[in-house]
Amino acid sequence: MPLALVTGATSGIGGAFADRLARTGHDLILVARTRHHLERQAEALSRRTGVRVETLPADLATTEGCLLVEHRLTTGRPVDLLVNNAGIMLDKPFPQNDIAAEELVLSVNIRAVLRLTHAVLHGMVERGEGRVLNVATFSALGPGGLATTYPASKSWVLAFTESVGRSAHVRNSGVRVMALLPGFTRTELFDRAGVDPLNLPRWMWLRADHVAVSALRDLDRGRTVSVPSLRYKVVAWGLRHLPRALLLPLCWDFSSPSRMWTGGRK
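What you see is a predicted model, and the numbers here were worked out from it, not measured in a lab.

> Before we move on, can you summarise the environment of Leu30 with the specific residues and values?
The residue Leu30 is located in strand 2 (residues 27-32) in this model. Taking the relative accessible area as the measure of exposure, Leu30 reaches 0% and is therefore buried. Separated by 26 residues in sequence, Leu30 and Leu56 have C-alpha atoms that sit 6.0 Å apart. With sequence-adjacent residues up to four places away left out, Leu30 is seen in contact with Val6, Ala9, Ala18, Leu38, Gln41, Ala42, Leu45, Val53, Glu54, Thr55 and Leu56.

Laid out in structure tokens, this is it:
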């Protein structure tokens, strides 16, 4: 059986990846901060699907947490698929956040992705097989959220993934590296950030299980960037190609969460 390691695996998109991978015959290593959530998830998946599930409690905001996961990626049974899903979005606009909290966002959303990808990639390239899936967001493509550094951190994930995934060294080895750019998906990330689903049009919301299925299908097809759903493919095209002056008035201003489209005004 192939072995997959999923970070942020106990809920949301990470939980959907874990469930889908277990259903398709992958043994799993689940990574998250809270041990009892991991153990509950592992027990449920193992009982339902019969796959082997390891748990690895680790705080990826810390060097120690990253080192724990890096050690598992470089020792023992080789990991065939790494899903870098763990991410943080703060519940206040940038000027109101403590700088330590902002650095925490960069540690989880950027540094952990960098370190874990670096740890696993050498062995994958040597073996000539393996896959890395880095979860970003559609707003990594352009202006979409004002007063929050979350899209900026995910822009790094996208640029990093495209740079590594399209490189001859990786591509010629047979290893696949892909960035996932989901739209708004019903997860705890938005609950923690204080985003009220009622403030967003219904068409903008995706289901986590659909996101996971679409992403794994695109990964099998060898794509470097995956955008689930036709509607977000259209949005992604617009963010990539339309002039910034046209897009900025449509941005969601995180400092005014009671309204989705602000037109540059509160």
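> Lay out helix 3 (residues 63-74) in plain terms, naming residues and giving numbers.
In this model helix 3 runs 16 Å from its N-terminal to its C-terminal C-alpha over twelve residues, within 8% of the 16 Å that 1.5 Å per residue would give. Those residues of helix 3 lying buried are Gly65, Cys66, Val69, Glu70, Arg72 and Leu73. Along the axis of helix 3, the buried positions cluster into a sector of 160°, meaning they face one direction only. Across from the buried face of helix 3, at angles greater than 90 degrees, the exposed residues are Glu64, His71 and Thr74. Directly after helix 3, the chain includes Gly76, whose backbone phi takes a positive value near 75°.

> Account for the nonpolar core, with residues named and values stated.
Counting 74 residues, the largest nonpolar core has Phe17, Val69, Leu73 and Leu133 as the members making the most contacts within it. If you tally residues by element for this core, the top one is helix 4 (residues 99-127), at nine residues. Once you skip the residues sitting within four places of it in the chain, Leu73 turns out to touch Leu5, Val79, Leu82, Leu116, Ala119 and Val120.

> Could you give an account of the confidence of the model for the protein, with specific residues and numbers?
When pLDDT is averaged along the protein, the result is 90, and 91% of the positions lie at 70 or above. In the model, residues 259-266 has pLDDT below 50 throughout and makes 21 contacts with residues more than four positions away in sequence or in other chains.

> Describe the pairing of strand 5 (residues 131-135), with residues and values.
In terms of burial, strand 5 is largely enclosed, as five of its five residues are buried. Of the two faces of strand 5, the one lined by Arg131, Leu133 and Val135 and the one lined by Val132 and Asn134 are each fully buried. Bridge count between strand 4 (residues 81-84) and strand 5: four bridges; the pairing is parallel. By the bridge assignment for strand 5, Val83 is matched with Leu133. In this view, the connection linking strand 4 to its parallel neighbour strand 5 by way of helix 4 has right-handed handedness.

> Give a description of the pattern of salt bridges that names residues and reports values.
Evaluated as defined, the whole model comprises twelve salt bridges. Between Arg48 and Asp19 there is a salt bridge, and its shortest N-O distance comes to 2.6 Å. In this pair, Arg48 is assigned in helix 2 (residues 35-49) and Asp19 in helix 1 (residues 12-23), connecting sequence segments 29 residues apart. Look at Arg48 and you get partly exposed, because its relative accessible area is 47%. With its nearest N and O atoms 2.5 Å apart, the salt bridge here joins Arg115 to Glu70. Taken together, the residues Arg115 in helix 4 and Glu70 in helix 3 connect sequence positions 45 residues apart. Assessed through its relative accessible area of 23%, Arg115 is described here as partly exposed. Three or more residues joined by partner-sharing salt bridges are found here, namely Asp19, Arg23 and Arg48.

What counts and what doesn't
Residues numbered from 1 in each chain as written. Predicted model: local features only at pLDDT ≥ 70, side-chain atom pairs only at ≥ 80, totals over all residues. Heavy atoms only, no water. Helix = DSSP H or I, 4+ residues; strand = E, 2+ residues; numbered from the N terminus. Buried < 20%, exposed > 50% of the residue type's maximum accessible area, 1.4 Å probe, protein only. Contact = heavy atoms within 4.5 Å. Expected span 1.5 Å × (residues − 1). Arc of directions from axis to C-beta. Core = buried A, V, L, I, M, F, W, Y, C linked by side-chain atoms within 4.5 Å. pLDDT = per-residue confidence, 0-100. Pairing = 2+ DSSP bridges. Right-handed = clockwise from strand over helix to strand, strands pointing away. Salt bridge = Lys/Arg side-chain N within 4 Å of Asp/Glu carboxyl O.

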